[in-house]
Amino acid sequence: MSLRLFHDPLAARRCMRSLFTRSLCTIAAASLLTACASSGAGAMEARATSAARGAAPDGGIYGAALQVALASEEAELAEALRGILSTRGDAPRIDPALVLAARDLAGRAQREDRAAVVTDPEELRLAQARAGVIAAAIQPVVVRATNWDAARRRMAEHARTLRGEAIPQRIGVGSARNDGGITLVLLQASGGVEIAPLPARIPPGATLRIEGRLLDLDTPSLVVTPPDGRPLRIPLEGDGRSFHGTVEIGARGIWTLELLGRSERGPAIAALLPLYAGMDIPDGATPIRVESEPTDVAGKERLLADEVNRLRAGRGLAPLLIDATLSRVARAYAEEIRSSGRFAHRSLISGGPGDRLRLAGYRSVRAGENLAEAPSVRQAHRSLMESPGHLANLVEPGWREAGFGVALAEQPGGAMGVIVVQIFASPSDEG
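Residues numbered from 1 in each chain as written. Predicted model: local features only at pLDDT ≥ 70, side-chain atom pairs only at ≥ 80, totals over all residues. Heavy atoms only, no water.

> How should I be thinking about the environment of M385 in this particular structure?
By the element assignment, M385 lies in helix α9 (residues 377–386). Counting along the chain gives 74 residues from M385 to L311, while the straight-line C-alpha distance between them is 9.1 Å. Setting aside chain neighbours within four positions, we find M385 in contact with L311, L391 and L394. (Helix = DSSP H or I, 4+ residues; strand = E, 2+ residues; numbered from the N terminus. Contact = heavy atoms within 4.5 Å.)

> So what exactly am I meant to see when it comes to helix α7 (residues 324–340) here?
Since one α-helical turn is 3.6 residues long, residues separated by three or four positions face the same way. Between its terminal C-alpha atoms α7 stretches 24 Å, which fits the 24 Å expected from 17 residues at 1.5 Å a residue. Taken as a whole, α7 has its buried residues at T325, L326, S327, V329, A330, Y333, A334, E336 and I337. Buried residues belonging to α7 abut β19 (321–322), α8 (353–360), β20 (364–374), β21 (401–410) and β22 (416–427). The backbone nitrogen of T325 has a side-chain oxygen 3.0 Å away, supplied by the residue at the start of α7, namely D323. (Expected span 1.5 Å × (residues − 1). Buried < 20%, exposed > 50% of the residue type's maximum accessible area, 1.4 Å probe, protein only. Polar contact = N/O pair within 3.5 Å; in protein donor to acceptor, adjacent residues only side chain to side chain.)

> Sorry if this is basic, but what is going on with the side chain of R356 here?
Inspection of the secondary structure puts R356 in helix α8. Residues contacting R356, with those up to four places away along its chain left out, are V329, Y333, H345, S347, S350, G351 and E369.

> What exactly am I supposed to notice about the packing of aromatic side chains here?
Aromatic ring pairs are defined here through the distance separating the ring centres and the angle between the ring planes. For the coordinates displayed, the defined rule picks out two aromatic pairs. On the basis of an interplanar angle of 20° and a centroid distance of 6.1 Å, the ring pair of W399 and F424 is categorised as stacked. Here the residue W399 occupies a position in the loop between α10 (388–394) and β21, and F424 occupies one in strand β22, the gap between them amounting to 25 residues. Note on accessibility: W399 and F424 belong to one class, buried. Measuring from ring centre to ring centre gives 6.3 Å for F404 and F424, while their planes differ by 85°; the resulting arrangement is edge-to-face. (Phe/Tyr/Trp six-rings, centres within 6.5 Å; stacked < 30°, edge-to-face > 60°.)

> How should the environment of V329 be read in this particular structure?
Along the chain, the position of V329 falls in helix α7. In this structure the C-alpha to C-alpha distance between V329 and G403, which are 74 residues apart in sequence, comes to 7.7 Å. Apart from residues no more than four positions distant in its own chain, V329 is found in contact with R356, L357, A360 and I423.

> What should I look at first to understand the sheet that holds strand β18 (residues 266–277) in this one?
Within a sheet, neighbouring strands are paired by backbone hydrogen bonds and run either parallel or antiparallel to one another. As summarised here, the arrangement of the five strands in space is β12-β18-β17-β14-β15, forming an open sheet in which the pairing is mixed. In the strand order of this sheet, the two ends are held by β12 (201–202) and β15 (232–234), each with one partner. Where strand β14 (residues 218–225) lies against β15, three bridges are found, and the strand directions are antiparallel. Bridge pairing in β15 places L222 opposite I234. (Pairing = 2+ DSSP bridges.)

> Honestly, the nonpolar core in this entry has me stumped. Any pointers?
A general tendency of soluble globular proteins is for nonpolar side chains to be buried together. Core analysis: the biggest nonpolar cluster contains 50 residues, and L81, V133, M155, L184 and L187 have the highest contact counts within it. Of the residues forming this core, the biggest block, nine residues, is contributed by helix α2 (residues 96–112). Core analysis: the second largest hydrophobic core is formed by 32 residues, L208, L222, V224 and I281 among them. (Core = buried A, V, L, I, M, F, W, Y, C linked by side-chain atoms within 4.5 Å.)

Printed below as a string of structure tokens:
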């Protein structure tokens, strides 16, 4: 299962893939992973260190130095996967925080006899916060089998399907066993940012200092969604990649921080971090009812438009008028992404969002674009709402018209999903 997001003027990415089969654990340490935060020309002081086999029950610390003991089988599997992926690109590094999150999810999946725990987006966010994973995208794979060799073979088969942009920058593996068999979890992450230690659990009324450095992007920016769901753009200071700023934590509840940057591909997320103010990180996610949706592209596009206007109506905003030209541009770009394999706002073929609108003859005062890839339209919509930058586009009061495009696309592992393009505009009154 795969999910990716981008939005312009602020872009985002989130990825998920899954491979199902069937795994609690006895762990013998064979190697020790160490990671610490660094920034700028020198080292950023890591103000928290943890040596653990599982995520701390009271929440992780983003950017903390971690020492994590890998079980011998986990270390063997991690190196095998790195070896496979190195033949297709740069070998990903093993991230201790991802190891903790993978172990957390593997244990829950094995205890509850439910592989879907690993691939549930909310469960992933909870595991991310408990382990302190810094990521723009977390991509899970779960394998359940009766023995280690079978589970390892299936995980290796998944790794061999990855190509190009699907190859992660960082990985973490975790395992759990009981008499019923073994569960293996691979978590893959992308996004390049280093931040000073930041706890996932915070008290209401706190003033958070956000400090760090983008690695693969420049022009950092920060968007925050407080518990009331109204995105806030937070000013940052710094040079081209380094940044610092403050966030005033008011209400109790879940806050989402989104660090963004830019490259030649357009805007992109560097990190998406959930914070829990005045509350414990929940033990588990609230189940979401799976609803059917149309099978044809036109029906999916209508559903997407309905979901967006329902969201806006709930915020007291005027509905967006569906414009035929914007819709044609949106569908054409969704199909271009599918054929080119380049998931970005700036295309080598059609240029940026403004270029595509000008070519279509659409004149606007301003415009924005959201991109998503997911197993379904509803899942794409939910994930867009969970990203502060995407949500800001969805609930921007100034938009008057929109176009929604969908392309059916095969995801890694062979399952069919959707590529979604949303275009929002305030049309020019001229001509």
